[in-house]
Amino acid sequence: MRRFLIAGNWKMNCGPADAAELLEGLKEKKAEVAEEVDVLVCPPFVSLSMSVNYLHDTDIEVGAQNIHFEENGAYTGEVSASMLVEAGCNFVIIGHSERREYFGETDTTVNKKAKKALEHNIVPVVCVGESLDQRKANIHFELVKNQVTAAFEGISDTEALDIVIAYEPIWAIGTGETASPEQAQEMHAHIRSILAELYDQETADGIRILYGGSMKPGNAEELLGQEDVDGGLIGGASLSADSFAEIITIAEKLS
Ligand code: 13P
């Protein structure tokens, strides 16, 4: 039986004061609803430590939204894996399309960052997904295959099991437009078949593949109901304790 992971990507929202308010609501609601679902929040760096402290008596995990692939040194503005460990993070989002688009993230840096996170026992949440133009040009399957293959380059099957993939079609992020359940399932099954080719079916089946892109309470049930959708990476709807908790409740019911 799969175990859903419901993850909130807060993006550049919620400094410590807003984070405290959001987590306060979430803490109460999560305790009521979820035992069978893993829950993760990914605040911006400045709110990580307080979020870890705030959630220490819960099973809600805290992750970062980026990491650097070097151990330490002269990389102004960057944050290392050991710093994230020290701050209490167990997860990190890597290669989000916004980082690929605005901050020069590439398949190569995604791979380096995933390896560095694994070295420090941080679970990488590796994001992949196509733009609308790429889907219209019918190269989305090939593009995602290249992204997944590059991200897992040089990673063993046991390490691969510690990685989470998030399929996030760029055209569905923050647009209110969602991939249909069929489109999500089709791509998730494709990603799993790529993993089976890279490793084997058992490993592929053990890697969680989340869907991201305008997931909200109104569409979560049909998306999470798909066979190969193992959870959600949620942006906008994770900024409200009510809507995030509703999605967690839906996942719990489907578990
Ligand atoms: P939205 O849920 O706001 O579309 O964002 C999705 C996302 O980018 C999560 O990483």
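Calculation notes
Residues numbered from 1 in each chain as written. Predicted model: local features only at pLDDT ≥ 70, side-chain atom pairs only at ≥ 80, totals over all residues. Heavy atoms only, no water. Disulfide = S-S within 2.5 Å. Buried < 20%, exposed > 50% of the residue type's maximum accessible area, 1.4 Å probe, protein only. Near = heavy atom within 4 Å. Polar contact = N/O pair within 3.5 Å; in protein donor to acceptor, adjacent residues only side chain to side chain. Areas by Shrake-Rupley, 256 points an atom, 1.4 Å probe, with all protein chains shown as cover. 1 Å grid on protein atoms, 1.4 Å probe; cavity = no way out; pocket = protein on both sides within 12 Å on 5 of 7 lines; lining within 4 Å. Sits in = over half its atoms within 2 Å of the grid points. Nonpolar A, V, L, I, M, F, W, Y, C, P; charged D, E, K, R; others polar.

Under the criterion given, the structure shown has zero disulfides. For the unlinked cysteine Cys14, the closest cysteine sulfur is that of Cys42, found at 12 Å. Residue Cys42 stays outside any disulfide, its sulfur separated by 8.1 Å from that of Cys89, the closest cysteine. Assessed through its relative accessible area of 1%, Cys42 is described here as buried.

The next point concerns the site of the ligand. By nearness alone, 13 residues border the ligand, and Lys11, His96, Gly174, Ser214 and Gly236 come closest of all. Residue Lys11 places a side-chain N or O atom 2.8 Å away from an oxygen atom belonging to the ligand. Within the backbone of Ser214, an N or O atom sits 2.7 Å from an oxygen atom of the ligand. If the ligand stood free it would expose 310 Å²; the protein chains cover 94% of that surface. A majority-of-atoms criterion places the ligand in the second largest pocket. Split by residue class, the shell around the ligand holds four nonpolar, seven polar and two charged.

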